[in-house]
Amino acid sequence: MTTNRRAAYHGFANSSFSAPQRRRRAALYVMNAASTGAPISSQNITQLPRTNGAAIKSISSDKPSSAMEQLDIERGVCIPFRKYSPEMVRKRVLDSRGSILSLASRGVEIVWKLGFYWSSLVYDFLVGRDEEIVPYRARQLRNLLCDLGPSFIKAGQVLANRPDIIREDYMNELCILQDDVPPVPNQVAFTIIEEELGQPLERLFSKISSETIAAASLGQVYRATLRETGEDVAIKVQRPGIEPIIYRDLFLFRTLASFLNGISLQKLGCNAELIVDEFGEKLLEELDYTLEATNIEDFLENFKDDPTVKIPRVYKQLSGSRVLVMEWIDGIRCTDPQAIKEAGIDVEGFLTVGVSAALRQLLEFGLFHGDPHPGNIFAMRDGRIAYVDFGNVAVLSQQNKQILIDAVVHAVNEDYAEMANDFTRLGFLASGTDVAPIIPALESIWQNSAGKGLADFNFRSVTGKFNQLVYNYPIRIPERFSLVIRSLLTQEGICFTLKRDFKFLEVAYPYIAKRLLTDPNPALRERLIQVLFKDGAFQWKRLENLIVLAKENVSKMSSNPALKKNSSQAVRNRQLESKLDLTETIKDGARMFLIDAGIRRQLILAFTEDSKLHVEELVDVYRLVEDQIDMPSVALEVLQDLPSVARDFMLSWCDSILSDRQY
């Protein structure tokens, strides 16, 4: 591994990526650095403070701005090489030929159109009709953004998920903002493909569709057949000349944002420039198809042993920065529930697979699809779920994932003060913000929603109440979490489209319960203890509920039709879970009981609290798990682990003796 690649590889060490994924991304970022003439070396590694006292290394083509530094600190993941930085955008725009004239004309166009729209809003307010005319003005804004081009269409899509910036009625209108635009002529698109791949189309493809399959603001898609293998593929090609337009608009966006910092600090607790930087970073990532190819490979790696999820293969030898060739997905769009039912697909099983896949992306992998609208999700005829379009993905660090799980634990324990602090740690609130006024609002939202039970709980109602909260308090929704919210809302919407009485949480809760009970991650073990103890008292009923829910998850997944129909090598290699495997949990519990005096004391108190032995509760728990575990095998494994446990016990005992003598 070269010095540059090694530096980039270690830059991803704190991320959720596996070793192969870090190697791929290191190679990609080094390649990008080389293409822009920005070597990765010790000279451009900047130490950034981390909230946990450690340090982040950020490798960039320019010295990062304060806004970018803040983003790195919030994310807990370093970016070895940036596709975006304000300095790079400024240099790229101002160094181009005719830049001043182009900026001036585009600035006049934007100011004129947005200024006219703003003056209409002011007039509505002055004559007292600002509320009654909102639906019309919202539609007018959507049309205006479409007229202003791809950067503004993308901005509108972002605003549709940002209740911290605009009010809900405008958000609802922007939610229907589609980036379906007239495609560029075939000859123009085909020329780009040939330029990028360096060969005539006829040599590579025996057939290519005469019309686009889909056309968006940044690119369009064709269906083709590989000449060499006869495989059907999807060709995604970028629109011509779009990159200079995006850079120019980003420069103007950030220039305007610099004048709005005061208002943004007052309303959101952050600079307007930071919001533009988040937007610009994601937009430029979407423009780079080599990064999208790497995203696909990472998703393939994550789901390689999951026979219920289909990720298209990418043909990297036929792809470049403006062209991406992928395996063709022959599935049924989730916008067509009738076709799904006619294909004989078990709808309940398919939705269970979809929710589980989404939760794994979010809480297990930390790499999730940022735009899972119905056009990007397909139902395969064997019951699997298939994803396409990986240009917009988001990464959650281990730190962010742990804080999210903390928030779930604090919600379960009704610890709203700590939940408010979780919002600060995730970047929703500026550091040092007084959370006291927000605690009652969080309590009201959660208790009203959770009190309805699983039957009536849905994310859209919770999000609606949360939108009011962020609009009334200085709360900013970080870009990656706006994608999380949009992802959950969209997938819940798909569930309701296919099955009106589907209960999202009836799948989500069992998955989370299973992870808490079986995941050997020390951080999750700690969260499990927090869930099981409340105010020093052991929650026997909560433990029983967790076991019941976890068993339900195992039962649903092991009996899913997608597993029965799919007899691929992945299924044969994968040890499908038919029982709740608590072996590691029992071993860790025994180890903690022997080594950790605090845990030992808590467990002894749990068995003897209220001046009685809780034998009945212990028997109830055993009855729930007796059919799930092989006790002789578990006992044998615990015995085999005794030497290491004894060693750890002796070390712990010696530490305690030495600590006592110091005092």
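The rules behind these values
- Residues numbered from 1 in each chain as written.
- Predicted model: local features only at pLDDT ≥ 70, side-chain atom pairs only at ≥ 80, totals over all residues.
- Heavy atoms only, no water.
- UniProt positions renumbered as here; feature names shortened; annotations may be inferred.
- Helix = DSSP H or I, 4+ residues; strand = E, 2+ residues; numbered from the N terminus.
- Buried < 20%, exposed > 50% of the residue type's maximum accessible area, 1.4 Å probe, protein only.
- Contact = heavy atoms within 4.5 Å.
- Areas by Shrake-Rupley, 256 points an atom, 1.4 Å probe, with all protein chains shown as cover.
- Axes fitted to C-alpha atoms, helices over the stretch in contact; angles between N-to-C directions.
- Parallel < 35°, antiparallel > 145°, perpendicular 65-115°, else oblique.
- Nonpolar A, V, L, I, M, F, W, Y, C, P; charged D, E, K, R; others polar.
- Patch = residues over 30% accessible without salt bridge, like charges linked within 9 Å, V, L, I, M, F, W, Y side chains within 5 Å.
- Salt bridge = Lys/Arg side-chain N within 4 Å of Asp/Glu carboxyl O.
- Phe/Tyr/Trp six-rings, centres within 6.5 Å; stacked < 30°, edge-to-face > 60°.
- Polar contact = N/O pair within 3.5 Å; in protein donor to acceptor, adjacent residues only side chain to side chain.
- 1 Å grid on protein atoms, 1.4 Å probe; cavity = no way out; pocket = protein on both sides within 12 Å on 5 of 7 lines; lining within 4 Å.
- Points joined across faces, edges and corners; volume = space filled by probe spheres on them.
- Expected span 1.5 Å × (residues − 1).
- Arc of directions from axis to C-beta.

- In the annotation of an unreviewed UniProt entry, the entry for the chain reads Protein kinase domain-containing protein, and the organism field reads Miscanthus lutarioriparius.
- You can read under Sequence similarities (unreviewed entry) in the UniProt record for the chain the words "Belongs to the protein kinase superfamily. ADCK protein kinase family."

## A closer look at the overall build of the chain
In step 1: In terms of helices and strands, the chain carries 31 helices and 15 strands.
In step 2: Per-residue burial over the chain gives 51% buried out of 663 residues.
In step 3: Taking contacts inside the chain between residues at least 6 apart in sequence as the whole, the part at least 24 apart equals 68%.
In step 4: In the form shown here, the chain has an accessible surface area of approximately 31,300 Å², with 55% of it arising from carbon and sulfur atoms.

## Considerations on unusual backbone geometry
In step 1: Non-glycine residue Asp389 carries a positive phi angle of around 65°.
In step 2: Within the secondary structure, Asp389 is located in the loop between strand 12 (385-387) and strand 13 (393-395).
In step 3: Exposure remark for Asp389: the relative accessible area of 27% places this residue in the partly exposed category.

## Comments concerning the packing of helix 16 (residues 347-365) against helix 17 (residues 398-412)
In step 1: One way to put it is that helix 16 packs onto helix 17 with a least axis distance of 8 Å and a crossing angle of 110°. Overall, the two elements helix 16 and helix 17 adopt an arrangement that is roughly perpendicular. Residues Leu362, Leu363, Glu364 and Phe365 of helix 16 pack against Lys401, Leu404 and Ile405 of helix 17.
In step 2: Looking at the contact of helix 16 with helix 17 residue by residue, the class counts come to five nonpolar, no polar and two charged.

## A word on a nonpolar patch on the surface
In step 1: Residues Phe593, Leu594, Ile604, Leu639 and Leu642 make up a contiguous nonpolar surface patch of roughly 410 Å² in combined accessible area.
In step 2: Within the secondary structure, Leu642 is located in helix 31 (residues 642-662).

## Things to note about the side chain of Asp422
In step 1: Looking at the element boundaries, Asp422 is found in helix 18 (residues 416-426).
In step 2: Using a relative accessible area of 1% as the deciding quantity, one classes Asp422 as buried.
In step 3: Leaving out residues up to four positions away in the same chain, Asp422 has contacts with Ile403, Asp406, Ala407 and His410.

## Side note on the packing of aromatic side chains
In step 1: Enumeration over the complete set of coordinates arrives at seven aromatic pairs.
In step 2: Ring centres of Phe152 and Phe253 lie 5.0 Å apart, and the angle between their planes is 85°; this geometry places the pair in the edge-to-face category. Taken as a pair, Phe152 in helix 7 (residues 150-159) and Phe253 in helix 11 (residues 242-258) lie far apart in primary sequence, 101 residues in all. Across this residue pair, the class does not change: Phe152 and Phe253 are buried.
In step 3: Here Phe299 and Phe390 contribute two aromatic rings whose centre-to-centre distance is 4.9 Å and whose plane-to-plane angle is 55°, an arrangement assigned as tilted. One end of the pair, Phe299, is in helix 14 (residues 289-302); the other, Phe390, is in the loop between strand 12 and strand 13, with 91 residues separating them in the sequence.

## Some points on the side chain of Arg239
In step 1: Among the structural elements, Arg239 can be located in the loop between strand 6 (232-238) and helix 11.
In step 2: For Arg239, a relative accessible area of 13% translates into the label buried.
In step 3: Reaching out from Arg239, the side chain makes a polar contact with the backbone oxygen of Ala216 at a distance of 2.8 Å.
In step 4: Apart from the residues within four sequence positions on either side, Arg239 is in contact with Val181, Pro182, Pro183, Val184, Ile192, Ala215, Ala216, Ser217, Leu218, Gly219 and Gln220.

## With respect to the environment of Leu287
In step 1: Counting through the fold element by element, Leu287 comes out in helix 13 (residues 272-287).
In step 2: Relative accessible area serves as the criterion here: at 4%, Leu287 is assigned to the buried category.

## What about empty space enclosed by the protein?
In step 1: Tallying each qualifying case throughout the model produces six cavities of 30 Å³ or more.
In step 2: Considering only enclosed or pocket space, the largest cavity measures out at about 980 Å³ in volume.
In step 3: Along its surface, the largest cavity is lined by 30 residues, and Leu404, Val408, Trp446, Phe459 and Leu488 are the ones closest to its centre.
In step 4: Mapped by element, the contributors of at least two residues to the lining of the largest cavity are helix 16, helix 17, helix 18, helix 19 (438-450), helix 20 (459-472), helix 21 (479-498) and helix 22 (504-518).
In step 5: Partitioning the lining of the largest cavity into residue classes produces 29 nonpolar, one polar and no charged.

## Digging into helix 16
Since the α-helix advances by 3.6 residues per turn, residues separated by three or four positions end up pointing in the same direction.
In step 1: Between its first and last C-alpha atoms helix 16 spans 26 Å; for 19 residues at 1.5 Å apiece the expected length is 27 Å, and the two agree.
In step 2: Burial analysis of helix 16 places 17 of its 19 residues in the buried class, the great majority of the element.
In step 3: Immediately downstream of helix 16, the backbone of Gly366 shows phi near 70°, a positive value.

## What to know about the pattern of salt bridges
In step 1: Counted by the stated rule, this structure contains 32 salt bridges.
In step 2: When the shortest N-O distance is used, the salt bridge between Glu109 and Arg106 registers 2.9 Å. Remark: Arg106 and Glu109 occur in helix 5 (residues 99-127); sequence separation between them is three residues, near one turn of the helix.
In step 3: Under the relative-accessibility criterion, Glu109 is labelled partly exposed at 28%.
In step 4: Here Arg106 falls in the buried class, since its relative accessible area comes to 6%.
In step 5: Residues Lys236 and Asp389 are paired through a salt bridge, measuring 3.3 Å at the closest nitrogen-oxygen approach.

## Some points on helix 6 (residues 134-148)
In step 1: Compared with the 21 Å implied by 1.5 Å per residue over 15 residues, the 21 Å span of helix 6 between its first and last C-alpha is a close match.
In step 2: All buried positions along helix 6 are accounted for by Val134, Arg137, Ala138, Leu141, Arg142, Leu144, Leu145 and Leu148. All buried residues of helix 6 fall inside an arc of 160° around its axis, so they share one side.
In step 3: Here the buried face of helix 6 lies against helix 5, helix 7 and helix 8 (168-174).
In step 4: Trailing helix 6 by a residue or two, Gly149 shows a phi angle of about 110°, which is positive.

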